[in-house]
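Fold and contact review
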Amino acid sequence: MSIGALNTAVIAGNPAPTRVQRLREFWATICRPVPDLLPTEVVQGLVANSGPAARKVFSAFAAWRALVEGQRDFFAPRGIAPWLGGSQGVTKASFYDTTPLKSTLERFVDFDRINAAAMRVSVGAVDVRTGNFAYFDNTHGAARGRMRAEHFMASAALPPGFPAVEIDGEFYWDGGLVSNTPLRHVLEATPRRNTLVFQVDLWSARGPLPDNVYEVQDRQKEIQYSSRTRAVTDFIADAQHYRRLLHEVLEQVPAKVRTTDPWCRQAHQYACGHRYAVIHLIYQDEEWEGESKDYEFSPQSMREHWSSGLLDIQRTLAHESWLELPPRGKEFVTHDHRRRA
């Protein structure tokens, strides 16, 4: 969900040889400030070499610019209108207008490629009217063969900053309101098969006690948007243990009974002997980051996040045993990589 849905659109909507380049171009586009002042890159370069204190000040300034000016080809402030209240309509009841994002996605994403479903794509959103969680999937359901920019925008429509997005007469907000990273949806996908999952958490559920109201805001976001990964993996691990137990028990039942007995046929639907491994990468804040890190879009921050992400995945892939099928008798394992700030 959220910004991950936009990354997903660009990755799935481009051929493998050009995905990384198109993803870089997409981020370079939406990270341009408004107006795009010429000295910005020079200032950022000087600040980057001036220590955490200067970096923190510049980050706060970049976040302030995003709030006041918006981000080019991404979102634009609606001005004073949202603050006045009154009837504005569900698609305009927000502080920012994301209309520019639709054009940007259509420029960088081949939705015909996504709808061809060579790669499965699934993004989540919340129905504003019912509060129910919904998935838009290019392989089944109402979105099959019909995914477009609005489906990905809906998954990134975090209120009250961004407006609800209309899809087939219903209105949707960011799925992160319910589940920021729907790990359970991936682990319970059918047909079941041996599975290796990379789970990337941009928010850490663990953190220090806050010392001021700004740190309180930061800690609140971390707790709210962390993915509850351990709770999910514990639940799925127990479920998979019992599915494997059922699978082993059915193996002891004569084949004729398994195919004719209604209870055995029903049990066969739940039995599973497959194995699962989850590699969990948890982003750790830099010293200069604060509560504005989710809307600070300066090019310098973008490059720093790329670098830290690359380092994290390189260190993860160095554990070759993590990439192997779990040994028999361990139907579900988790591996955590937590980079120290």
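What follows is about the overall build of the chain. Along the backbone of the chain there are 13 helices and 9 strands. For the chain, whose C-alpha radius of gyration is 23 Å, the value lies close to the compact-globule estimate of 20 Å for 341 residues. Counting only C-alpha atoms, the chain reaches 75 × 45 × 45 Å along its principal axes. Sorting the 341 residues of the chain into buried and exposed places 39% on the buried side. Long-range contacts, defined as pairs at least 24 residues apart, comprise 69% of the intrachain contacts of the chain with a sequence gap of at least 6. Averaging the locations of the 40 positively and 40 negatively charged side chains of the chain gives two centres separated by 5 Å.

Membership of the largest hydrophobic core comes to 37 residues, with the highest contact counts inside it found for Leu 105 and Phe 136. Elements represented by at least two residues in this core include exactly helix H1 (3–12), helix H2 (19–30), helix H5 (99–108), helix H6 (111–115), strand E3 (122–127), strand E4 (133–137), helix H7 (149–155) and strand E5 (165–167). Of all the elements, H1 adds the most residues to this core, at 5 residues. Excluding its chain neighbours within four sequence positions, the residues that come into contact with Leu 105 are Leu 6, Ala 9, Phe 26, Phe 111, Ala 149 and Met 153. The next biggest cluster of nonpolar side chains, apart from the first, holds 9 residues, and it includes Leu 183, Leu 187, Ile 236 and Tyr 276.

Residue Pro 160 is reached from Pro 159 by a cis peptide bond, and omega for that bond is -5 degrees. Along the chain, Thr 190 connects to Pro 191 via a cis peptide bond; the corresponding omega equals 0 degrees. Take Pro 191: it is sitting in the loop between helix H8 (183–187) and strand E7 (195–201). Not every positive phi belongs to a glycine, and Asp 73 is a case in point at roughly 60 degrees. On the basis of relative accessible area, Asp 73 is assigned to the partly exposed category, the value being 24%. Even without being glycine, Ala 117 reaches a positive phi, approximately 65 degrees.

Right, let's talk about the environment of Val 178 for a bit. Mapped onto the secondary structure, Val 178 falls in the loop between strand E6 (170–174) and H8. Residues Val 178 and Asn 132 lie 46 residues apart in sequence; the distance between their C-alpha atoms is 8.7 Å.

Our focus in this paragraph is the environment of Ala 157. Relative to the helices and strands, Ala 157 resides in the loop between H7 and E5. Expressed as a C-alpha distance, the spacing of Ala 157 and Arg 328, which sit 171 residues apart in the sequence, is 43 Å. Not counting the four nearest positions on each side in its chain, Ala 157 is found in contact with Phe 162, Pro 163, Val 165, Tyr 172, Trp 173 and Asp 174.

Counted according to the given criterion, the structure contains 14 aromatic pairs. With a centroid separation of 6.0 Å and 20 degrees between ring planes, the pair formed by Phe 61 and Trp 64 is classed as stacked. Of this pair, Phe 61 and Trp 64 both sit in helix H4 (residues 52–69), 3 residues apart, which is roughly one turn of the helix. Centroid distance Phe 136 to Tyr 172: 5.1 Å. Interplanar angle 85 degrees. Geometry classified as edge-to-face. Residue Phe 136 is found in strand E4, and its partner Tyr 172 is found in strand E6; the two are separated by 36 residues along the sequence. Its relative accessible area of 10% is what places Tyr 172 among the buried residues. Here a set of aromatic residues connected by ring pairs shows up, and it is made of Phe 74, Phe 75, Tyr 96, Phe 162 and Phe 297.

What counts as what
Residues numbered from 1 in each chain as written. Predicted model: local features only at pLDDT ≥ 70, side-chain atom pairs only at ≥ 80, totals over all residues. Heavy atoms only, no water. Helix = DSSP H or I, 4+ residues; strand = E, 2+ residues; numbered from the N terminus. Rg over C-alpha atoms; globule rule 2.2 N^0.38 Å. Buried < 20%, exposed > 50% of the residue type's maximum accessible area, 1.4 Å probe, protein only. Contact = heavy atoms within 4.5 Å. Lys, Arg positive; Asp, Glu negative; His and termini not counted. Charge placed at Lys NZ, Arg CZ, Asp CG, Glu CD. Core = buried A, V, L, I, M, F, W, Y, C linked by side-chain atoms within 4.5 Å. Phe/Tyr/Trp six-rings, centres within 6.5 Å; stacked < 30°, edge-to-face > 60°.

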